[in-house]
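Letter by letter, the chains look like this.
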Amino acid sequence: MSEKTDTVKKIQEYIGENINLNITLKSISEYSGYSPWHTERIFKEVTGKNLFSYIRDLRLSKAAITLRDNKIKVIDVAFDFVFDSPEGFARAFSRKFGISPKKYSKNPEPIKLFIPYMAYDRTPESKGDDYMGKDVKAIFVQVIERPERKALILRGKKAKEYFGYCEEVGCDVWGVLSSVKEALYEPIGMWLPDNMIKEGTSKYIQGVEVPLDYSNKIPEGYELITLKPCKMMVFQGEPYEDENFSEAVSEVMKKIDKFDPGIYGYEWNYESDPSFQLAPMGYRGYIEARPVKEKK
């Protein structure tokens, strides 16, 4: 499986680097070193997505971000992302996001962006106890203050962690959260304190923090909640190889569970505020934050 995933990861990198150019099956297969038929087959096998559906959805999502963040004509974006005509781009954009690019550029509401996850072997053989901690030698700790703000969230049903949440609501929530122009920070996964959990909903949710005066469209099924001012103790592990993310994240979480905030003059404040995690990215290490208050 590793040879296939390595190949697909290379293809994804090639697509990302050439997304504004004319990408053909021939150019991809020549880059991958496989026949066109085999290239298409292994790409769908590993990602679950047709090769050119992947390219189209990635182009449309990058075009949406361009329209969201820049004062630029729709026709220019259409040609920048290699669509044959502005009309064809508008039709594809409207089918994908349910809103025309012209209307979206004037008032960027939350939409479901396509978030491409890089291929990796999701079922690696056990590396044994000797592996644990190999990529995690130190953890950086700091305390930050968060002001009062709101969060656009989507609740699950019974989930207590990320994978259970994905099974309940799907793994494309991040695409919606990443599209929110007013976001104060990047999207996060949150563990809610008991007093913030609605009956019949999950402890683990995903959301994005926004200003108190946020007034943009709230997607169906989502809601706005208010988060109080709080102090958060932030933990950041060392960088790790992406294919080892499960082990690296698990090791950091274990070390956080054993950590005594009292050495900094704090104690946990789980009953008051949510804990949160950022999307695991190997180049920066795993980042998680837990609420604290000053020790009496």
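Residues numbered from 1 in each chain as written. Predicted model: local features only at pLDDT ≥ 70, side-chain atom pairs only at ≥ 80, totals over all residues. Heavy atoms only, no water.

Asks: Tell me about the overall build of the chain, and name the residues and values.
Replies: Along the chain, the regular secondary structure elements total 10 helices and nine strands. What you see for the chain is a C-alpha radius of gyration of 21 Å, in line with the 19 Å of a compact globule of 296 residues. Considered along the principal axes of its C-alpha atoms, the chain spans approximately 65 × 50 × 35 Å. The buried share of the chain, reckoned over its 296 residues, is 46%. For the chain, the share of sequence-separated contacts (at least 6 apart) that also reach a separation of at least 24 residues comes to 74%. (Helix = DSSP H or I, 4+ residues; strand = E, 2+ residues; numbered from the N terminus. Rg over C-alpha atoms; globule rule 2.2 N^0.38 Å. Buried < 20%, exposed > 50% of the residue type's maximum accessible area, 1.4 Å probe, protein only. Contact = heavy atoms within 4.5 Å.)

Asks: Lay out the nonpolar core with the relevant residues and their values.
Replies: Nonpolar side chains tend to gather and get buried jointly when the protein is soluble and globular. If you look at the biggest cluster of nonpolar residues, it comprises 29 residues, and the most contacted ones within it are Y222 and M233. When residues of this core are traced back to their parent elements, those giving at least two are β2 (149-154), α9 (173-178), β4 (204-210), β6 (230-237) and α10 (245-258). Per element, the largest residue contribution to this core is five residues, and it comes from α10. Aside from chain neighbours lying at most four places away, what touches Y222 is L152, I153, L154, V173, V176 and L177. (Core = buried A, V, L, I, M, F, W, Y, C linked by side-chain atoms within 4.5 Å.)

Asks: Explain the packing of aromatic side chains residue by residue, including any values.
Replies: All told, the structure shown has 14 aromatic pairs when counted by the stated rule. Taking the centre distance of 5.8 Å and the plane angle of 50° together, the rings of F93 and Y104 count as tilted. Of this pair, F93 sits in helix α6 (residues 86-97) while Y104 sits in helix α7 (residues 101-106); the two residues are 11 residues apart in sequence, bridging distant segments of the chain. Side by side, F93 and Y104 carry an identical accessibility label, which is buried. Among the aromatic residues, ring-to-ring pairing joins F83, F89, F93, F97 and Y104 into one connected group. Over the ring of F114 we find K49; its NZ or CZ atom is 5.1 Å from the centre of that ring. (Phe/Tyr/Trp six-rings, centres within 6.5 Å; stacked < 30°, edge-to-face > 60°. Lys NZ or Arg CZ within 6 Å of the ring centre and 35° of its normal.)

Asks: Provide a residue-level description of the pairing of strand β3 (residues 188-191), including the pertinent values.
Replies: Residues of β3 alternate between two faces, with I188 and M190 on one and G189 and W191 on the opposite face, all of them buried. Two strands pair when backbone bridges link them, and β3 and β4 are joined in this way by four bridges, in the antiparallel orientation. In the sheet register, G189 faces β4, and the bridge partner there is Q206. Pairing analysis gives three bridges linking β3 to strand β8 (residues 275-277), with the strands arranged antiparallel. Across the sheet, residue W191 finds its bridge partner in β8, namely S275. (Pairing = 2+ DSSP bridges.)

Asks: Run through helix α4 (residues 51-69), naming residues and quoting values.
Replies: Look at α4: 27 Å from first C-alpha to last across 19 residues, which is about the 27 Å you get at 1.5 Å a residue. Most of α4 is tucked away, with 14 of its 19 residues classed as buried. One side-chain oxygen at the N-terminal end of α4 lies 2.9 Å from the backbone nitrogen of F52; it belongs to N50. (Expected span 1.5 Å × (residues − 1). Polar contact = N/O pair within 3.5 Å; in protein donor to acceptor, adjacent residues only side chain to side chain.)

Asks: Please provide a residue-by-residue account of the pattern of salt bridges, values included.
Replies: Side-chain pairing between opposite charges can occur once the charged atoms of the two side chains come close. What the rule picks out here adds up to 17 salt bridges. Residue D57 pairs with K96 through a salt bridge whose shortest N-O separation is 3.4 Å. Of this pair, D57 sits in helix α4 while K96 is found in helix α6, placing the two residues 39 residues apart along the sequence. Taking relative accessible area as the criterion, D57 reaches 2% and is therefore assigned buried. The exposure class of K96 is partly exposed, given its relative accessible area of 31%. Between D172 and K112 there is a salt bridge, with the nearest N and O atoms lying 3.2 Å from each other. Of this pair, D172 sits in the loop between α8 (162-169) and α9 while K112 sits in the loop between α7 and β1 (139-146), and the two are 60 residues apart along the sequence. (Salt bridge = Lys/Arg side-chain N within 4 Å of Asp/Glu carboxyl O.)

Asks: Describe the side chain of Q206, with residues and values.
Replies: Assignment of secondary structure puts Q206 in strand β4. Apart from residues no more than four positions distant in its own chain, Q206 is found in contact with L152, I153, L154, Y162, Y165, V173, W174, L177, I188 and G189.

Asks: Quick rundown of the environment of F235? Include the residues and the values.
Replies: Here F235 lies in strand β6. If sequence neighbours within four positions are ignored, F235 has contacts with I139, F140, V141, I256, F259, W268, Y286, I287 and E288.

Asks: Could you give me a rundown of helix α2 (residues 25-32), with the residues and numbers involved?
Replies: Residues of α2 that are buried include every one of S27, I28, S29 and S32, and no others. For α2, the elements touching its buried residues are α1 (2-17), α3 (36-47) and α4. A positive phi of about 85° marks G33, the residue just after α2.

Asks: Can you explain the side chain of N269? Please cite residues and give values.
Replies: The topology assignment puts N269 in the loop between β7 (266-268) and β8. Aside from chain neighbours lying at most four places away, what touches N269 is P291, V292 and K293.

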